[in-house]
Number of protein chains: 2
Amino acid sequence: MRQTGLFTKTAKNVPKDEVAKNAILLIRAGYIDKVMAGVYSLLPLGLLTIERINAVIREEMQRIGGVELLLTSLQNPDVWKKTSRWEGDVWFKSVINSGGETGFGWTQEEEIAALMRSHIQSYKDLPRSLFQIQTKFRNEERAKSGIMRGREFLMKDLYSFHSSENDLSHFYEECAIGYERIFARVGLGISTYRTVASGGAFAKYSHEFQTLCEAGEDIIYVHEGKKIAVNKEVCTNEVLADLGIARTELTEHKAIEVGNIFKLGARFSEPLGLLFTDEKGERKPVLMGSYGIGPGRVMGAIVETHADERGLLWPEEVSPFHYHLILIGSKRTEVRARADALYAALKARGKRVFYDDREDVQAGEKFADAELLGFPEAIIVSEKTLQEDRYEVKERRGGGSRSFREQELIG
Amino acid sequence: MRQTGLFTKTAKNVPKDEVAKNAILLIRAGYIDKVMAGVYSLLPLGLLTIERINAVIREEMQRIGGVELLLTSLQNPDVWKKTSRWEGDVWFKSVINSGGETGFGWTQEEEIAALMRSHIQSYKDLPRSLFQIQTKFRNEERAKSGIMRGREFLMKDLYSFHSSENDLSHFYEECAIGYERIFARVGLGISTYRTVASGGAFAKYSHEFQTLCEAGEDIIYVHEGKKIAVNKEVCTNEVLADLGIARTELTEHKAIEVGNIFKLGARFSEPLGLLFTDEKGERKPVLMGSYGIGPGRVMGAIVETHADERGLLWPEEVSPFHYHLILIGSKRTEVRARADALYAALKARGKRVFYDDREDVQAGEKFADAELLGFPEAIIVSEKTLQEDRYEVKERRGGGSRSFREQELIG
C-alpha cells in the first residue's frame, strides 16, 4: 500500500477524553476512530490488523474442526425468554415498527441452540462445533478501556455440541490448547495465562485467558511454575486445594480477559428443546460448550503489552505490513525510481509493504511516522542508497539497523 | 468440504411463512436460516456464497481506487441531527444505560463525513474513495421478499470525496462501469440494467442497477437497444426527452434493485463542516458521492434468476464449490478409497470440492441433494467407475453428462 493512497493522517497530540494507552496510540496512528464512548470504527490499517488476527483465530478454530457460519444480530425475544435471559441491562433493545420488540445479540447461545434443533436428531449427528466472527453489542455502564471494553466489538464465538460429558471435556481441552496456540501466534503467549474462573451450574470451573496488563480490569493470581492463574473472584482456599497450589506461590497481577471457555451442559439445550436420541433410543438434552475470543480486545492487549514510548509495535504475525519502505529525498527522480522499483519487486515476491511515497514530508517526520505505525522493519531509500548500492533496514523493536544489497532483500 | 463435516441437512418441504423463491430454496438447501421476519442467518454454505460475492465486489472496488475500512453500527445522534436524518421510521433506536440514546446504522454518510473532517484539509487530500462491507439495520414495515428485503442485511457502501463536480462525475461513471463488471461476473449481467432514478437536490438523476425478476418490488421501463432503463417513479415525458428515447420503445418489467449510485454534492459535507481549501485558498464544502450494493440481495437475485424447479444453480464465480463429488456404493471399501483419493487430488490442485461422503444415504437422495445445492458440476464415483476406470461428470445447468479419465479431471 502506498501512503499517498491512504487517507488517514497521523496525529501528534493525545486525543481528548482518552485515557487508555491502546486507544491513544491507535487513534494517533490512524488505525481507529472514536465515534462515541466505547464505539470505535476501524480505519484501513486497523481493519488490516484485525483481519490478520481473525485469520489466525479462523485457522486454529478450523484446525479443531470448527465450521464457520454467521448468525444474526437481531434476536427473537421468544427464544431468550425460554432461558430467562431476555431481562437484564446488557441489552440494546429496540421496538419493531410492525409490532413487538427485538434486541441486538451480545452472545448467541440461544440462537444457535434454536437453530440446531433442525439439524441434530441423533447421536450420529454429534459432535459438532460451529463458530462465527461477528459484531456484538453490549450496553456497558462504563466504557473506559479503549477498544478493550466497547459497546460494539468483534467476537469470535464458537459453540460445541456433544452426546456425553466425556466428549465435551475432550473438546474443551482441545479448544483450550487451540487458544494457547492463537495467543502464542499473535504475540501474547508469554503474558497470557489459562485462569481458573467460576463455572456456573454445570461445571465447577470455567477458564479465562488473561493477559497481564496494567490497563486490565481483572485481578488474577499467577502461579509461574505451573503457568496457570486463578481469578481473584474464585481464589478461595478450597479452589487452591483443588489445584494443588499454595497461596504463597501466587503473585497478584492486573490482567485483561482476552478469551474464555465454558462448559454449558444442558443449561440452554434443555429449555430450548435441543434433544438427541442416544444409542439406546432415549431422548436426552445435547451438551454444549461455548468459547469466546475478542479480536479487538486481543488487538488492544497487543498494543498495551508491545507498544513503547515511540509508538505501536506489532508482532510479525498480526502486523498489517512487514516492511515500511521510506523514500527520503523524493524530489530526485532517480531516488524515487529506485524506491518505486524496490516496492514493485518486493510486492511481486508477495511481501507485505507499506510505502511512504509522500513528496512534501521531511525525513524526520517520516521516521517518526514509521515508529508510530509500528511495522517490524523499515527500509530506507535515499541518495546514499544510490551511492552505495545498498539499502538500510531498521528493526522497529530493537532499533538496530543493517544494510543490504537489493538481491539480499528480495531474496 | 466433506458433507459429513457439515451440520446442515436439506429439507424436502417448503418452510412455513415463506413465499419468496429465494428464501424457500436457500432454507431448504441449508444455506440460510430464518430467525424472524426479515432476519436470516448465514449457514456455512450461505456464508461461503456471500464471501465469493464479496470477493468480486471488493476486487472491483479496489480496482477503481477504493480503500476498505469498517465503520460502526452504533451511531452518534448529534451527527445525524445536523443533517436532519435522526428522525424517521427507518431506525432501530435504543437507550444507552449511562444516558442518552443511539441508533443502528442503516447507511453511513453522516459518520464518514464526520470522520473525514480529521483527514481532509486541502485539495491535495482529494479525491478519496472508501468502502466497507458491513451489516446494516432497517426497521422495515414489511419484510416479505426473503433475503432481498431484510431488517438486517449486508451492504457494500462506498463513499467518494471530490474537489470539483467534474471529478465527482468522472468517478461516478467509473464506479458505474465497476458495477457493471460486478454484475456481469456474478451472473446478473444480462438481466441487470443501469436505471435512471430520482437524483435529489444536487443532481438531476441518480442511477439504480435493477435486475429483472418477477419477485422484484420495483417497476422499470427497459430500452433493449440502449441497454438502459427508467424507474417508473421518474418515467415522465421530460425524462424520456432528456434520454432521447420514445415511450413506445420501452417495455415494462418487475425488477429488484441490486445497487445504486448517487451524487450527493454538499448535502452532507456542508451541515457537517467537511470543508477543504482549494488552490486559491478558499474554503469550500467537499463534494461527495455514495454507491451501494447489497451482497445478500445480489445472492437473492441470483437465486431468483438462475434456480430451476430442481433447486439452486450457481454461476461459477459465486458458487461455494465447483465440484459436487458424489460417492455411490459407499460400503465397498475400494469405491470409497477411490473417491477419497480423487477428493484429495482435486483439493491438492486447488479445486473447490464438496464431497458427499455420507454412508447411509441412497443414490437417489444424493442426486436430489446435488441438484438442490446447485454447484456447477457433479462427479459420480461408483462401482462402474472401478470397472471402466472413468468418472461420470454431470453438468447442473444443462443436465448433460460426459465421462473422463482421472488424469483429464485433475488436469
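Here is what the cut-offs are and how they apply
Within any chain, residue numbers begin from 1 and follow the written order of that chain's sequence. For naming, the first written chain is A and the first written ligand is 1, with later ones following in the order written. In keeping with the model being predicted, local features are shown solely for residues with a pLDDT of at least 70 and side-chain atom pairs are shown and tallied solely at 80 or more, while totals for entire chains, interfaces and linings include all residues. Hydrogen atoms and water are omitted, and side-chain values are computed over all heavy atoms in the structure. Note: domain ranges come from an automatic or database domain assignment. Any two residues whose heavy atoms approach within 4.5 Å are treated as being in contact. Accessible-area loss on putting two parts together, using a 1.4 Å probe and summing over both, is the definition of buried area adopted here. For the purposes of these results, a polar contact is taken to be a pair of N or O atoms within 3.5 Å, where, inside protein, one atom must be able to donate a hydrogen and its partner to accept one; residues adjacent in sequence count only when each atom of the pair is a side-chain atom. A run of H or I in DSSP becomes a helix once it reaches four residues, and a run of E becomes a strand once it reaches two; helices and strands are each numbered from the N terminus. Classification used: nonpolar for Ala, Val, Leu, Ile, Met, Phe, Trp, Tyr, Cys and Pro, charged for Asp, Glu, Lys and Arg, polar for all others including Gly. Residues reaching a pLDDT of at least 70 in both copies supply the C-alpha atoms on which the copies are superposed by least squares. Working definition: rings of Phe, Tyr and Trp (its six-membered ring) pair if their centres are within 6.5 Å, and the pair is stacked with planes under 30 degrees apart, edge-to-face with planes over 60 apart, and tilted otherwise. When accessible area is computed with a 1.4 Å probe and restricted to protein chains, residues below 20% of their type maximum are described as buried, those above 50% as exposed, and intermediate ones as partly exposed. Using only the protein atoms, space was sampled on a 1 Å grid; points where a 1.4 Å probe fits but cannot get out form cavities, open sets with protein on both sides within 12 Å along at least five of seven lines form pockets, and lining residues are those with an atom within 4 Å of a point. Grid points are joined across faces, edges and corners, and a volume is the space filled by probe spheres set on the points. The term salt bridge refers to a pairing of a side-chain nitrogen on Lys or Arg with a carboxyl oxygen on Asp or Glu at a separation within 4 Å. All axes here are fitted lines through C-alpha atoms, helices being fitted over the stretch that makes contact, and every angle between N-to-C directions spans 0 to 180 degrees. Each angle receives one of four descriptions, namely roughly parallel if under 35 degrees, roughly antiparallel if over 145, roughly perpendicular if within 65 to 115, and oblique otherwise. Handedness of a helix crossing follows the sense of rotation of the near helix relative to the far helix, less than a right angle counterclockwise being left-handed and clockwise being right-handed. UniProt positions are given in the numbering used here, feature names are shortened, and annotations may be inferred rather than shown by experiment. A pair of strands counts as paired when DSSP detects no fewer than two bridges linking them.

1. Notes on the domain arrangement of chain A
Residue and element names in this part refer to chain A.
Link 1 in the chain: In terms of domains, chain A is made up of domain 1 (3-306) and domain 2 (323-410).
Link 2 in the chain: Taken together, the twelve residues of domain 1 in the interface contact twelve residues of domain 2.
Link 3 in the chain: Both sides of the domain 1 and domain 2 interface together cover about 1,100 Å² of buried area, and 54% of this is carbon and sulfur.
Link 4 in the chain: Considering only the side of domain 1, the residues that lose the most area to domain 2 are Q3, T4 and T10, jointly responsible for 48% of the buried surface there.
Link 5 in the chain: Linking domain 1 with domain 2 are six residue pairs in polar contact (both at pLDDT 80 or more).
Link 6 in the chain: Elements represented by at least two residues in the side of domain 1 that touches domain 2 include exactly α1 (21-28) and α2 (44-63).
Link 7 in the chain: Grouping the amino acids of the side of domain 1 that touches domain 2 by side-chain chemistry returns six nonpolar, four polar and two charged.

2. Concerning the relation of the copies chain B and chain A
Link 1 in the chain: In screw terms, the move from chain B to chain A is a rotation of 180° and a rise of 0.0 Å along the axis, fitting with an RMSD of 0.0 Å. The superposition operator between the copies reduces to a two-fold rotation axis. Distance from the rotation axis, computed per C-alpha, reaches its smallest value in chain B at B:S94: 2.7 Å.

3. Observations regarding the packing of aromatic side chains
Link 1 in the chain: Overall, the coordinates contain 36 aromatic pairs over all chains when judged by the stated rule.
Link 2 in the chain: Ring geometry for A:F137 versus B:F137: centroids 6.3 Å apart, planes at 75°, classification edge-to-face. In this pair, A:F137 sits in strand β7 (residues 128-137) while B:F137 sits in strand β7 (residues 128-137), so the two residues belong to two different chains. Each of the two residues, A:F137 as well as B:F137, counts as buried.
Link 3 in the chain: With a centroid separation of 5.5 Å and 75° between ring planes, the pair formed by B:F171 and B:Y291 is classed as edge-to-face.

4. Concerning empty space enclosed by the protein
All names here are of chain B.
Link 1 in the chain: By the definition in use, this model includes three cavities of 30 Å³ or more.
Link 2 in the chain: For the largest cavity, the calculated volume is near 130 Å³.
Link 3 in the chain: Every residue lining the largest cavity is counted, 13 residues in all, and those nearest its centre are A370, E371, A378, K394 and R396.
Link 4 in the chain: Of all the elements in the fold, those that place two or more residues in the lining of the largest cavity are β17 (323-327), α10 (363-373), β19 (377-381) and β20 (391-395).
Link 5 in the chain: Each residue belonging to the lining of the largest cavity can be placed in one class, and the counts come to seven nonpolar, one polar and five charged.
Link 6 in the chain: Considered as a void within the structure, the second largest cavity measures approximately 40 Å³ in volume.
Link 7 in the chain: Its residues assigned to classes, the lining of the second largest cavity shows five nonpolar, three polar and one charged.

5. Some thoughts on the pattern of salt bridges
Link 1 in the chain: Taken as a whole, this structure holds 66 salt bridges over all chains when the rule is applied.
Link 2 in the chain: Put simply, A:R149 and A:E217 hold a salt bridge, and the shortest N to O gap is 2.6 Å. One end of the pair, A:R149, is in the loop between β7 and β8 (152-162); the other, A:E217, is in the loop between β10 (205-212) and β11 (218-223), with 68 residues separating them in the sequence.
Link 3 in the chain: Residue classification places A:E217 among the partly exposed positions, given a relative accessible area of 28%.
Link 4 in the chain: When the shortest N-O distance is used, the salt bridge between B:E140 and B:R149 registers 3.4 Å.
Link 5 in the chain: Exposure remark for B:E140: the relative accessible area of 17% places this residue in the buried category.
Link 6 in the chain: Here the salt bridges do not stand alone but share partners, grouping A:E59, A:E60, A:R63, A:R181, A:R185 and A:E317 into one network.

6. Looking at the interface of chain B and chain A
Frequently, the measure chosen for interface size is the accessible area that the parts lose on association.
Link 1 in the chain: Between chain B and chain A, the contact holds 52 residues from the first and 52 residues from the second.
Link 2 in the chain: When chain B packs against chain A, close to 4,700 Å² is buried across both sides, 60% of that on carbon and sulfur atoms.
Link 3 in the chain: Viewed at the interface, chain A and chain B are joined by two salt bridges.
Link 4 in the chain: With its nearest N and O atoms 2.9 Å apart, the salt bridge here joins B:D125 to A:K9.
Link 5 in the chain: Viewed at the interface, chain A and chain B are joined by 28 residue pairs in polar contact (both at pLDDT 80 or more).
Link 6 in the chain: Here the side of chain B that touches chain A is built from residues that sort into 24 nonpolar, 15 polar and 13 charged.

7. What to know about the packing of helix α2 (residues 44-63) of chain B against helix α5 (residues 165-185) of chain B
Residue and element names in this part refer to chain B.
Link 1 in the chain: Where α2 contacts α5, the two axes come as close as 9 Å, and the packing angle between them is 155°. Between α2 and α5, the angle falls in the class roughly antiparallel. Judged by the sense of rotation from one axis to the other, the crossing of α2 with α5 is right-handed. In this structure, α2 uses V56, I57, E59, E60, M61 and R63 to contact α5, whose residues at the interface are G178, Y179, R181, I182 and R185.
Link 2 in the chain: Looking at the contact of α2 with α5 residue by residue, the class counts come to five nonpolar, one polar and five charged.

8. Let's talk about the UniProt feature "domain: Aminoacyl-transfer RNA synthetases class-II family profile" (unreviewed entry) in chain A
Link 1 in the chain: When the UniProt feature table is mapped onto this chain numbering, "domain: Aminoacyl-transfer RNA synthetases class-II family profile" (unreviewed entry) sits at residues 124-315 of chain A.
Link 2 in the chain: Counted over residues 124-315 of chain A, helix gives 23% and strand 39%. Its end C-alpha atoms are 43 Å apart.

9. Brief notes about α1(A)
An α-helix turns once every 3.6 residues. As a result, residues three or four positions apart point the same way.
Residue and element names in this part refer to chain A.
Link 1 in the chain: The buried fraction of α1 is high, at seven of eight residues.
Link 2 in the chain: Against β1 (32-36), β2 (39-42), α8 (295-306) and α10 (363-373) lie the buried residues of α1.
Link 3 in the chain: Note on α1: the residue one or two positions beyond its end, G30, has a positive phi of about 80°.

10. Details of the sheet that holds strand β5 (residues 93-95) of chain A
Residue and element names in this part refer to chain A.
Link 1 in the chain: Here three strands make up an open sheet; going across it, the order is β4-β6-β5 and the pairing antiparallel. Only two strands of the sheet have a single neighbouring strand rather than two, namely β4 (74-75) and β5.
Link 2 in the chain: Alignment of β4 against strand β6 (residues 101-104), held across two bridges, turns out to be antiparallel. Bridging from a neighbouring strand, L74 pairs with F104 of β6.

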